[in-house]
Amino acid sequence: MKTYCLSVDIGASSGRVIAGGLENGKLELVEVHRFGNQIIEKNNHFCWDIESLFQEIIKGIKKCSAFDEKPVSIGIDTWGVDFVLLDGNDQLLTDAIAYRDPRTDGIMEEVTEIFMKERLYLETGIQFQKFNSIYQLAALKKQNPEVLEKAKTFLMIPDYLNFLLTGVKANEYTNATTTQLINAFTRNWDKEIIDRLGLNFEMFQEVMMPKTVLGNLKEELAEECGFDMNVVLPATHDTGSAVLSVPQSEDTIYISSGTWSLIGVENYFPICVTKALDYNFTNEGGMDYQFRFLKNIMGLWMIQEVKRNYGNRYSFADLVEMSKGVNGGTAIVNVDDERFLKPENMIEEIQKYCMETNQQVPVEPGEIANCVFENLAASYKNAIAEIEDIFEKEFHTINVIGGGSQNELLNQLIADTTNKEVFAGPVEATAIGNLIAQLIALGEISDIAEARSIVKQSFEVKKFTRSTVNLQD
Ligand SMILES: Nc1ncnc2c1ncn2[C@@H]1O[C@H](COP(=O)(O)OP(=O)(O)O)[C@@H](O)[C@H]1O
Ligand SMILES: C[C@H](O)[C@H](O)[C@@H](O)C(=O)COP(=O)(O)O
Ligand SMILES: [Mg+2]
């Protein structure tokens, strides 16, 4: 690859630095660096180790100094909602507290007494998740008002990593929409909501759109890494990048399958009708002014925790294999129950749920894994029925993208329970979408439509249909 860009995709379970560029009309990827990411306990909160994440990005950049060709740009995307605050000297006032931290317990209810739920949804179109930035800020105002009083800059996680790289402060649009403080129609900070909550409007930065060239590496960083490059804004909300690599089709539903399962469709306007509110769908911002009409489902977080509870002695592939041996009798578990957001022990929490609901309790690793996968598929099916109810139409295909698209058992379960065609892949959809924004900004690709046809030609996508075995049921 002559011209290539660096895509930094940091999800809630792992991060990767991927070099990507066009070669003979196809998108070529080279994984330059991969690292873990997990929640740590710090100062009595669940946090992200933001400093070590930044060092991993630098490690990835430095690995490129050994290549003949250097990358022309870099783009960073991460999970949504979380942020840091800086004081007047641009110093960190807060740790990067994670969205699974219990500090927001009960806060959403307090905020919706100040700002009616219906009104908040009509203005922002954003789902009611207790960990949205709006509730994290309201919790801070209640629990540490002195911190908010000193705050001069609000930066979300990718914004802060960009600030460390370039010294430039900005809030990228797609991720800013996950705060529930962006007006879905003006696509800018909603001053009325911010003022009503007693937050400092001035600390919010200029909202910038994907494909914006934010700046270059700070001089000292360019020197340390051995080269300079543009820092470009992809859709810095990882799901915003992921959906860019889904083949466009009118009746396609995507499932961005990683730590979370984000299930939805691409749309050109926000849907803030009561039914969407009642179903708790969201209208997160997308690139080129699109909207991501989707719903959060607890996702593979559950199997990540199960894996951790078993001391990581089984791989994800092992857990899938072991779950294949389980026949029927799986308990019905509401995977989206808040109890699964951050339990002490996921295995025990699932077993407690089954006991409380007088169901057969899964014991063996295969039974636990099967219970997670079967009930995730059931939750996807329910969300799809809600989407079809809102759009008053049937969707015929489902695209599973992200790390979870490697779970062939789950892909088959989705096909079996929905009786729709399931296309699985690309695995690194988020990193690919991040590259798409950079390559469009660079003029290497003309638009999203061309990008999607390049993705189709470049990456393996497996098809799953309802298994004949099940059809005999
Ligand atoms: N070989 C595999 N077989 C089945 N599932 C896998 C495999 N590798 C990864 N996964 C699934 O992919 C998930 C991670 O997806 P990824 O998109 O990287 O997550 P995130 O971006 O949230 O960190 C894991 O939790 C696991 O369930
Ligand atoms: C908490 C948010 O809903 C979450 O970040 C979600 O928006 C998301 O982007 C998850 O991405 P993962 O790659 O961590 O599953
Ligand atoms: Mg991810």
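Since this is a predicted model, take the numbers as computed values, not measurements. (Residues numbered from 1 in each chain as written. Chains lettered and ligands numbered in written order. Predicted model: local features only at pLDDT ≥ 70, side-chain atom pairs only at ≥ 80, totals over all residues.)

## Here's the deal with unusual backbone geometry
Step number 1: For the bond running from Gly 425 to Pro 426, omega is 0 degrees, close enough to zero to count as cis.
Step number 2: Position of Pro 426 among the secondary structure elements: in the loop between strand E20 (421-424) and helix H17 (429-442).
Step number 3: Positive phi is not limited to glycine here, since Asp 288 has a value of about 55 degrees.
Step number 4: Residue placement: Asp 288 occurs in the loop between strand E17 (282-285) and strand E18 (291-297). (Helix = DSSP H or I, 4+ residues; strand = E, 2+ residues; numbered from the N terminus.)

## Overview of the site of ligand 1
Step number 1: In the vicinity of ligand 1 there are 17 residues, among which Gly 11, Ser 13, Gly 258, Thr 259 and Gly 403 approach most closely.
Step number 2: Looking at the shell around ligand 1, the elements that each hand over two or more residues are helix H12 (301-309) and helix H13 (316-324).
Step number 3: Across the shell around ligand 1, the residue classes tally to six nonpolar, eleven polar and no charged. (Near = placed C-beta within 6 Å. Nonpolar A, V, L, I, M, F, W, Y, C, P; charged D, E, K, R; others polar.)

## Focus: the nonpolar core
Soluble globular proteins tend to pack their nonpolar side chains together in the buried interior.
Step number 1: Membership of the largest hydrophobic core comes to 133 residues, with the highest contact counts inside it found for Met 302, Val 306, Val 372, Tyr 380, Ile 414 and Ile 436.
Step number 2: Top contributing element to this core by residue count: helix H15 (residues 365-391), with eleven residues.
Step number 3: Here this core spans two domains, since at least three of its residues come from each of domain 1 (5-236) and domain 2 (243-473).
Step number 4: Apart from the residues within four sequence positions on either side, Val 306 is in contact with Leu 319, Met 346, Ile 347, Ile 368, Ala 369 and Val 372. (Core = buried A, V, L, I, M, F, W, Y, C linked by C-beta atoms within 7 Å. Buried ≥ 20, exposed ≤ 12 C-beta atoms within 10 Å, placed from the backbone. Domains from an automatic or database assignment. Contact = placed C-beta atoms within 7 Å.)

## Some remarks on the site of ligand 2
Step number 1: Lining the immediate environment of ligand 2, one finds 14 residues, of which Gly 11, Ala 12, Trp 79, Gly 258 and Thr 259 sit closest.
Step number 2: Taken together, the residues of the shell around ligand 2 break down into six nonpolar, seven polar and one charged.
Step number 3: Split by domain, the shell around ligand 2 shows at least three residues from each of two domains, domain 1 (5-236) and domain 2 (243-473).

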